[in-house]
Amino acid sequence: MIIAPSILTADFTALDQELKKIETADYVHIDIMDGHFVPNISFGPSITNQINKISKLKLDVHLMVTHPLFWIEKFNFSQVEFITVHVESIDYEKAIDSIKSAGKKVGISIKPGTQVDSIKNILNQVDLVLVMTVEPGFGGQSFMPEMMRKVKELVLLRKAKALNFMIEVDGGVSDKTIDICKLAGVDMAVAGSFVFNHQNPKKAIEVLK
Ligand code: DX5
Ligand code: ZN
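So, here is what we can say about the structure in this document. (Residues numbered from 1 in each chain as written. Chains lettered and ligands numbered in written order. Predicted model: local features only at pLDDT ≥ 70, side-chain atom pairs only at ≥ 80, totals over all residues. Heavy atoms only, no water.)

### Structural notes on the packing of aromatic side chains
Each aromatic ring pair is characterised by the separation of its centres together with the angle its planes make. Within the structure shown, the criterion is met by 4 aromatic pairs. Summarising the aromatic geometry, the rings of Tyr27 and Phe82 are spaced 5.7 Å apart at their centres and angled 55° between planes, so their arrangement reads as tilted. On the criterion of sequence distance, the pair formed by Tyr27 in strand E2 (residues 27–33) and Phe82 in strand E4 (residues 80–86) is long-range, its members being 55 residues apart. The exposure class of Tyr27 is buried, given its relative accessible area of 9%. Here Phe82 falls in the buried class, since its relative accessible area comes to 2%. One aromatic cluster is present, formed by Phe70, Trp71 and Phe75 through successive ring pairs. (Phe/Tyr/Trp six-rings, centres within 6.5 Å; stacked < 30°, edge-to-face > 60°. Helix = DSSP H or I, 4+ residues; strand = E, 2+ residues; numbered from the N terminus. Buried < 20%, exposed > 50% of the residue type's maximum accessible area, 1.4 Å probe, protein only.)

In structure tokens form, the structure reads like this:
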């Protein structure tokens, strides 16, 4: 399993040390919240730029914003590999084109209430599908196992259409829920509180992997 710890739950007054704790992971997951698309504000391009400088890991940027098109260029940092936008956001199709123009891989995300049907027609344009396993906005919420139905549907669609996007889950991932993800066919898992609240984050990453 590819593991992307979400920096959202880290101690931002000790970013350097926090990033060292997760250096054995595959990506740093960057949760960007605008206080409008979700009822919370996280951080923006300048902190992301600092993470880009301090960490050696690739960055997985998750835009939980109403107007992704406005933000994409601002997150065009060297180590950013994926930029994910929500299908529920405004002008997400233009945003997909803009991510491609920036030379980054494209992710599309669906909230718990959104079905796979809403992204069926764009699956051939994306490198990653992010299935939210909590309502976006906050770390530390409970995993929604019923979302695995969407993961299984995506696995089937990927095969039927001969595509090769990755399937990622985000929210409530821990040692208790990772097996369900694996079984459903998830390729990449985001984990915030399980990793950063663990007394040994490297151990937590190893367990999830
Ligand atoms: C939720 C965020 C998640 C969150 C995951 O809106 O997108 O990335 O930080 O945190 P945990 O693992 O604590 O659910
Ligand atoms: Zn996220």
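Having seen the structure, we can now continue with the description.
### Remarks on the nonpolar core
If you look at soluble globular proteins, the nonpolar side chains tend to sit buried side by side. Membership of the largest hydrophobic core comes to 61 residues, with the highest contact counts inside it found for Ile7 and Ile108. Among all residues touching Ile7, those that are not within four sequence positions of it are Phe12, Leu15, Leu19, Val28, His29, Ile30, Phe43, Ile51 and Phe196. (Core = buried A, V, L, I, M, F, W, Y, C linked by side-chain atoms within 4.5 Å. Contact = heavy atoms within 4.5 Å.)

### Comments concerning the site of ligand 1
As a matter of local geometry, ligand 1 sits amid 20 residues, with Asp31, Gly137, Asp170, Gly192 and Ser193 nearest to it. Protein contact buries 100% of the 380 Å² of open area that ligand 1 shows by itself. The set of elements that each furnish at least two residues to the shell around ligand 1 consists of E2, strand E3 (58–64) and strand E8 (188–191). Here the shell around ligand 1 takes 3 residues from E2, the largest share from any one element. (Near = heavy atom within 4 Å. Areas by Shrake-Rupley, 256 points an atom, 1.4 Å probe, with all protein chains shown as cover.)

### Considerations on the coordination of the zinc ion (ligand 2)
Those donors, His29 (NE2), Asp31 (OD), His62 (ND1) and Asp170 (OD), are the protein atoms that reach the zinc ion (ligand 2), and they lie 2.0 to 2.3 Å from it. Classification of the site at the zinc ion (ligand 2) rests on its 6 donor atoms, whose angles at the metal span 62 to 163°, yielding the label irregular. Here the donor residues of the zinc ion (ligand 2) are spaced in sequence according to H-x1-D-x30-H-x107-D. Residue Asp31 is found in strand E2, and its partner His62 is found in strand E3; the two are separated by 31 residues along the sequence. With respect to burial, Asp31 and His62 carry one shared label: buried. (Donors = N, O, S within 2.8 Å, 3.2 Å for Na, K, Ca; no water. Tetrahedral: all angles 85-135°; square planar, octahedral: opposite > 155°, others 65-115°.)

### Regarding the side chain of Ser89
Considering the arrangement of structural elements, one finds Ser89 in the loop between E4 and helix H4 (92–101). Within polar-contact distance, the side chain of Ser89 engages the backbone oxygen of His86 at 2.6 Å. Apart from the residues lying within four places of it in its own chain, the contact partners of Ser89 are Phe37, Val65, Thr66 and Pro68. (Polar contact = N/O pair within 3.5 Å; in protein donor to acceptor, adjacent residues only side chain to side chain.)

### Considerations on the sheet that holds E4
Strand order across the open sheet formed by 8 strands is E1-E8-E7-E6-E5-E4-E3-E2, with parallel pairing between neighbours. If you trace the sheet from one side to the other, it starts and ends with strand E1 (2–5) and E2, each paired once. On average, each strand axis in the sheet is tilted by 25° relative to the strand beside it, whichever way the strands run. Pairing analysis gives 7 bridges linking E2 to E3, with the strands arranged parallel. Its bridge partner lying in E3, His29 is registered against Asp60. Packed onto the sheet, helix H2 (residues 45–54) meets E2, E3 and E4 and runs at close to 175° relative to E2. Sheet strands touched by helix H5 (residues 148–160): strand E5 (105–110), strand E6 (128–132) and strand E7 (166–170). Its angle to E7, the strand with the most contacts, is close to 170°. (Pairing = 2+ DSSP bridges. Axes fitted to C-alpha atoms, helices over the stretch in contact; angles between N-to-C directions.)

Remember that the coordinates give geometry; whether it matters functionally is a separate question.
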